[in-house]
Protein chains: 2
Amino acid sequence: MSPMSPSIKDVAVRAGVSVGTVSNVLNHPERVAESTRTAVQSAIAALGFVRNSSAAQLRAGTSRSIGLIVLDMANPFFHDVARGVEQVADELGYAVVLCNSDDQTSRENRYLQVLEEQRVRGVLITPIEVSSDRLDALRRRGTPTVLVDRHDPRVNCCSVAVDDVVGGELAGAHLVAQGHERIVYFSGPLGLSQCADRLTGLRRSVAAAGLDPDAVIEVVEIPVMNARSTHDVARARFEQGERATAAFCANDLMALGVLRAALSTGRRVPGDLAIVGYDDIEFAADAAVPLTSIRQPTQQIGRAAAQLLVEECDNPDTHAHQQVMFKPELVTRESTRH
Amino acid sequence: MSPMSPSIKDVAVRAGVSVGTVSNVLNHPERVAESTRTAVQSAIAALGFVRNSSAAQLRAGTSRSIGLIVLDMANPFFHDVARGVEQVADELGYAVVLCNSDDQTSRENRYLQVLEEQRVRGVLITPIEVSSDRLDALRRRGTPTVLVDRHDPRVNCCSVAVDDVVGGELAGAHLVAQGHERIVYFSGPLGLSQCADRLTGLRRSVAAAGLDPDAVIEVVEIPVMNARSTHDVARARFEQGERATAAFCANDLMALGVLRAALSTGRRVPGDLAIVGYDDIEFAADAAVPLTSIRQPTQQIGRAAAQLLVEECDNPDTHAHQQVMFKPELVTRESTRH
DNA sequence: ACTCGTGAATGAAACGTTTCACGATCTCCA
DNA sequence: TGGAGATCGTGAAACGTTTCATTCACGAGT
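Engineer: I'd love a proper account of the packing of aromatic side chains, names of residues and values included.
Structural biologist: Overall, the coordinates contain seven aromatic pairs over all chains when judged by the stated rule. Their ring planes at 85 degrees and their centres at 5.1 Å tell us that Phe77(A) and Phe78(A) sit as a pair that is edge-to-face. Across the pair, Phe78(A) and Phe77(A) agree in class, each one buried. Geometrically, the ring pair formed by Phe248(A) and Tyr278(A) is tilted, given 6.1 Å between the ring centres and 45 degrees between the ring planes. You can see Phe248(A) sitting in strand S8 (residues 246-249) and its partner Tyr278(A) sitting in strand S9 (residues 274-279), a full 30 residues away along the chain. Ring pairs connect the aromatic residues Tyr185(A), Phe248(A) and Tyr278(A), which therefore count as one cluster. We note Arg64(B) situated over the ring of Tyr94(B); from NZ or CZ to the ring centre the distance is 4.2 Å. Between Arg198(B) and the ring centre of Tyr278(B), over which it is positioned, the NZ or CZ distance is 3.5 Å.

Engineer: An account of the side chain of Glu116(B) is requested, with residue identities and associated values reported.
Structural biologist: Within the secondary structure, Glu116(B) sits in helix H6 (residues 105-117). Reaching out from Glu116(B), the side chain makes a polar contact with the side chain of Arg141(B) at a distance of 2.6 Å. Excluding anything up to four places from it in sequence, Glu116(B) contacts Val50(A), Arg134(B), Leu138(B) and Arg141(B).

Engineer: Describe the domain arrangement of chain A, naming the residues involved and giving the relevant values.
Structural biologist: Residue and element names in this part refer to chain A. Taken domain by domain, chain A holds domain 1 (8-51), domain 2 (61-162 + 298-326) and domain 3 (164-296 + 330-336). Domain 2 and domain 3 are separated by 29 Å when their C-alpha centres are compared. A combined buried area of about 930 Å² lies between domain 2 and domain 3, and 47% of that area is made up of carbon and sulfur atoms. Looking only at domain 2, the three residues that lose the most surface to domain 3 are Pro76, Arg150 and Val162, adding up to 44% of its buried area. Here domain 2 and domain 3 share zero salt bridges between them.

Engineer: So what about the protein's contact with DNA strand D? Which residues, and what values?
Structural biologist: Around DNA strand D, the structure places 22 residues, and the nearest of them are Thr21(A), Thr36(A), Ile8(B), Ser23(B) and Arg59(B). Sugar and phosphate atoms constitute 71% of the interface atoms of DNA strand D, taking the interface as everything within 4 Å of the protein. Here a phosphate oxygen of DNA strand D sits 2.9 Å away from a polar atom, N or O, in the main chain of Ser18(A). In this structure, a base nitrogen belonging to DNA strand D sits 3.2 Å away from a side-chain N or O atom of Arg59(A). Here the surface near DNA strand D is built from residues that sort into nine nonpolar, 10 polar and three charged.

Engineer: Give me the lowdown on the state of the cysteines, citing residues and values where you can.
Structural biologist: Residues and elements named next belong to chain B. Here the structure, examined in full by the defined rule, presents zero disulfides over all chains. You can see Cys195 has no disulfide; the closest cysteine sulfur is in Cys249, sitting 11 Å from it. Cys195 gets classed as buried once you look at its relative accessible area, which sits at 0%. Free cysteine Cys313: the closest other cysteine sulfur is in Cys158, separated by 10 Å.

Engineer: Residues and numbers for the interface of chain A and chain B, please.
Structural biologist: Contacts between the two partners involve 44 residues from chain A and, on the opposite side, 44 residues from chain B. Here chain A and chain B share an interface that buries about 4000 Å² over both sides, 45% of which is from carbon and sulfur atoms. Linking chain A with chain B are 10 salt bridges, by the criterion used here. Residue Asp90(B) is joined to Arg110(A) by a salt bridge in which the shortest nitrogen-to-oxygen separation is 3.6 Å. Counting across the interface, chain A meets chain B through 23 residue pairs in polar contact (both at pLDDT 80 or more). The set of elements that each furnish at least two residues to the side of chain A that touches chain B consists of helix H4 (53-60), helix H5 (76-91), helix H6 (105-117), helix H11 (227-239) and helix H12 (252-264) of chain A. Ranked by residues supplied to the side of chain A that touches chain B, first place goes to H6(A) with six residues. Of the residues assigned to the side of chain A that touches chain B, the class counts are 16 nonpolar, 11 polar and 17 charged.

Engineer: Explain the sheet that holds strand S7 (residues 217-221) of chain A to me, using residue names and the numbers behind them.
Structural biologist: Residue and element names in this part refer to chain A. Across the sheet, which stays open at both edges, the six strands sit in the order S7-S6-S8-S9-S10-S12 with mixed pairing between neighbours. Sheet topology places S7 and strand S12 (329-331) at the edges, where each strand pairs with a single neighbour. Strand-to-strand twist of the sheet, defined as the mean angle between neighbouring strand axes without regard to direction, takes the value 20 degrees. Of the strand pairs in this sheet, strand S10 (residues 292-295) and S12 are connected by three bridges, and their pairing is antiparallel.

Engineer: So what about the nonpolar core? Which residues, and what values?
Structural biologist: Of all hydrophobic cores here, the largest spans 91 residues; its most connected members are Phe186(A), Val258(A), Ile275(A), Phe186(B), Val258(B) and Ile275(B). In contact with Val258(A), not counting residues within four places along its chain, are Phe186(A), Thr230(A), Ala234(A), Phe238(A), Ala247(A), Cys249(A), Leu273(A) and Ile275(A).

Engineer: How would you sum up the protein's contact with DNA strand C? Please name residues and give values.
Structural biologist: Residues in close proximity to DNA strand C total 22 residues, the closest being Ile8(A), Arg59(A), Ser18(B), Thr21(B) and Thr36(B). Side-chain polar atom of Asn27(A) to a phosphate oxygen of DNA strand C: 3.0 Å apart, as the coordinates give it. Between DNA strand C and Arg59(A), the relevant distance is 2.8 Å, taken from a base oxygen to a side-chain nitrogen or oxygen of the residue. Among the secondary structure elements, those contributing two or more residues to the surface near DNA strand C are helix H2 (19-27) and H4 of chain A together with helix H2 (19-27) and helix H4 (53-60) of chain B. Taken together, the residues of the surface near DNA strand C break down into nine nonpolar, 10 polar and three charged.

Engineer: I'd like a rundown of the sheet that holds strand S6 (residues 183-187) of chain B, residues and numbers included.
Structural biologist: All names here are of chain B. One open sheet accounts for six strands, arranged S7-S6-S8-S9-S10-S12; its pairing is mixed. Edge positions in the open sheet fall to strand S7 (217-221) and strand S12 (329-331), since each of these has one partner strand only. Ignoring strand direction, the axes of neighbouring strands in this sheet form an average angle of 20 degrees. Together, S6 and S7 form the strand contacts of helix H11 (residues 227-239), whose direction differs from that of S6 by roughly 150 degrees.

Engineer: Talk me through the environment of Val269(B); I want residue IDs and the actual numbers.
Structural biologist: All names here are of chain B. Within the secondary structure, Val269 sits in the loop between helix H12 (252-264) and strand S9 (274-279). In this structure the C-alpha to C-alpha distance between Val269 and Arg134, which are 135 residues apart in sequence, comes to 45 Å. Setting aside chain neighbours within four positions, we find Val269 in contact with Leu259, Ala262, Leu263, Ile275, Val289 and Ser335.

Engineer: A description of the packing of H2(B) against helix H3 (residues 34-47) of chain B should follow, citing residues and the corresponding values.
Structural biologist: All names here are of chain B. Two numbers describe how H2 lies on H3: the axes approach to 10 Å, and their chain directions differ by 90 degrees. Classified by the angle between their axes, H2 and H3 sit roughly perpendicular to one another. Every residue of H3 that contacts H2 at Thr21, Val22, Val25 and Leu26 is listed here: Thr36, Arg37, Val40, Gln41 and Ile44.

Engineer: Describe the pattern of salt bridges, with residues and values.
Structural biologist: Counting across every chain of the model gives 48 salt bridges over all chains. Linking Arg51(B) and Glu117(A) is a salt bridge whose minimum nitrogen-to-oxygen distance equals 3.5 Å. Of this pair, Arg51(B) sits in the loop between H3 and H4 while Glu117(A) sits in helix H6, each in a different chain. Looking at Arg51(B), the relative accessible area reads 27%, which means it is partly exposed. Accessibility expressed as a relative area gives 15% for Glu117(A), which makes it buried. Here Asp163(B) and Lys327(B) are joined by a salt bridge, their closest N and O atoms 3.1 Å apart. Separated by 164 residues along the polypeptide, Asp163(B) in the loop between strand S5 (158-162) and helix H8 (164-177) and Lys327(B) in the loop between strand S11 (323-326) and S12 bring together distant segments of the chain. A relative accessible area of 13% places Asp163(B) in the buried class. You can call Lys327(B) exposed: its relative accessible area is 56%.

Definitions and limits used
Residues numbered from 1 in each chain as written. Chains lettered and ligands numbered in written order. Predicted model: local features only at pLDDT ≥ 70, side-chain atom pairs only at ≥ 80, totals over all residues. Heavy atoms only, no water. Phe/Tyr/Trp six-rings, centres within 6.5 Å; stacked < 30°, edge-to-face > 60°. Buried < 20%, exposed > 50% of the residue type's maximum accessible area, 1.4 Å probe, protein only. Helix = DSSP H or I, 4+ residues; strand = E, 2+ residues; numbered from the N terminus. Lys NZ or Arg CZ within 6 Å of the ring centre and 35° of its normal. Polar contact = N/O pair within 3.5 Å; in protein donor to acceptor, adjacent residues only side chain to side chain. Contact = heavy atoms within 4.5 Å. Domains from an automatic or database assignment. Buried area = accessible area lost by both parts, 1.4 Å probe. Salt bridge = Lys/Arg side-chain N within 4 Å of Asp/Glu carboxyl O. Near = heavy atom within 4 Å. Nonpolar A, V, L, I, M, F, W, Y, C, P; charged D, E, K, R; others polar. Disulfide = S-S within 2.5 Å. Pairing = 2+ DSSP bridges. Axes fitted to C-alpha atoms, helices over the stretch in contact; angles between N-to-C directions. Core = buried A, V, L, I, M, F, W, Y, C linked by side-chain atoms within 4.5 Å. Parallel < 35°, antiparallel > 145°, perpendicular 65-115°, else oblique.

Okay, structure coming up:
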């Protein structure tokens, strides 16, 4: 049966000072005389006082924290982003509230609600839908928002992403250079600009080589971008005799799924099927056949996003929205080496 | 330039009712007449009112959230645990505050402080040190705590873990059965009971086979349990001519590091070196050589821990601490198949 | 005509901080 | 001796909720 936790008032009584003084010891120690300060501090220690941040924040009217909502914490890509965000937030004295929407709109909305109720200073988000009413409302009410790994075509907020068209081009050019003329693109939902852009890049590079994209490329759209569902789809295709000689996957988890499906249906990689992934997560290098992949500057994405957000929080008036765009690069490994 | 967000009072004025009524619409809609309710609701919508949870929580004195502090979000093991925790918390109406201590005591302490200041109802933690003053103080002040993937020998809190001695035995018995007589154990810090227990199990199984554990087993202690540092240590050993024919690793990330080091120094796996990992993370099955591993019921750990915590929060008086212990199982794959 | 009961809304108190205008006390120097 | 600063402390107000005792209005029952 826990006794109610002591308040600043209890500390004040015990130390024989006023509450204002205790508050000063906590927040502006230099304003209070040495002797009083130590008296207060020992009262705090004796009572086991812990500041109630709800009260502090209520009074302050504003918090020193930002929200980060990612799509899928199981994807190492988002860890690295989160790590970048935390680094910058730490440096600038902000706390990060980490939320995992798990690709469900209901969870995303719930977290947005919670973050707004907590009066976070700003929100970093990889939204399920770029143009969501919920997000617009949040911004309208004055909470700055930065999109991570997404761009808003309407440009009414900052965003940080990687040039997905270039990523698609890199993958396509690499495969075409190795003579592949039937490429299957295991895509996530084409409603995602990322997935669509990568396809655009892929088509562009095929066309640049003088081939007909429509003849070369086949698109397989997979709703959930993880290893398991991609494996299942790929396996079904392979068992029915896939004709493609190369696969390009919208992320490395999917590529691992395709790889497993290929190997378990007796294909050799890259002999029978070359595979290019996306993100270059750490596990890509350790895969059954080390994966060629498109590397994104993941931590930098997180760092840049956090910096933009804090900039907007600190200078809401002079702030101008920016769309930061990083360039991806190709990392070649066994899965495409002939 | 964001206008101060509207308070319940603004809503009350606009709807022509008192603040108490607005609060009732928010929290006990059934207590207020239909017509008033809709009037208030449209005022809320018109003003874009969002409840200030600091004020609500200050008044309530207690929150409906629990903290979860994990060691390393980059380790899929902890995701799965987190997922289990979230499932249960969702069902029971609690929010989860997710924190990543990243194996740094300073971060762990900082998060404990923040969580306590936020007056979370309880804390789930995989602590860096099981017996920490900080944790004891937290408990003494009335915040229930449950250890995840750890046990407290002093049994002054609940805990959920997996029998690591059995895990070590499973691995050892499997390797011994295949005729290995020189086994290197890539361990994390032996100060962790987990790592120590697995060694105990390993030694026990070797002894059970009539061999001398001291002659068979060599222990390599690696401070940071990730792929990179393990790879570096393993590689150095392999380049100097490792004599062991089998490696047992304290987790799968480490096993992946060993695998990479072995392959890149020209060893065949399992021919020259058999490898057993721990945790059976999803990537283990997709590794260059699919890894034999010790599987833990990861989500169940999270679920059980959350249930124990909530139980203690809801019945602080009648609650009795429990130490839940799951059994691991062996999953055999290529890395130990001869 | 009167109480009584019921359903609905009110308004003030309380939660634990921080802030800030205001005293109190001391030191130093004319 | 008096007065000007400087240095420390004080205490009340304010932040936005929720709660709860109270009031109000109105119809039913005697």
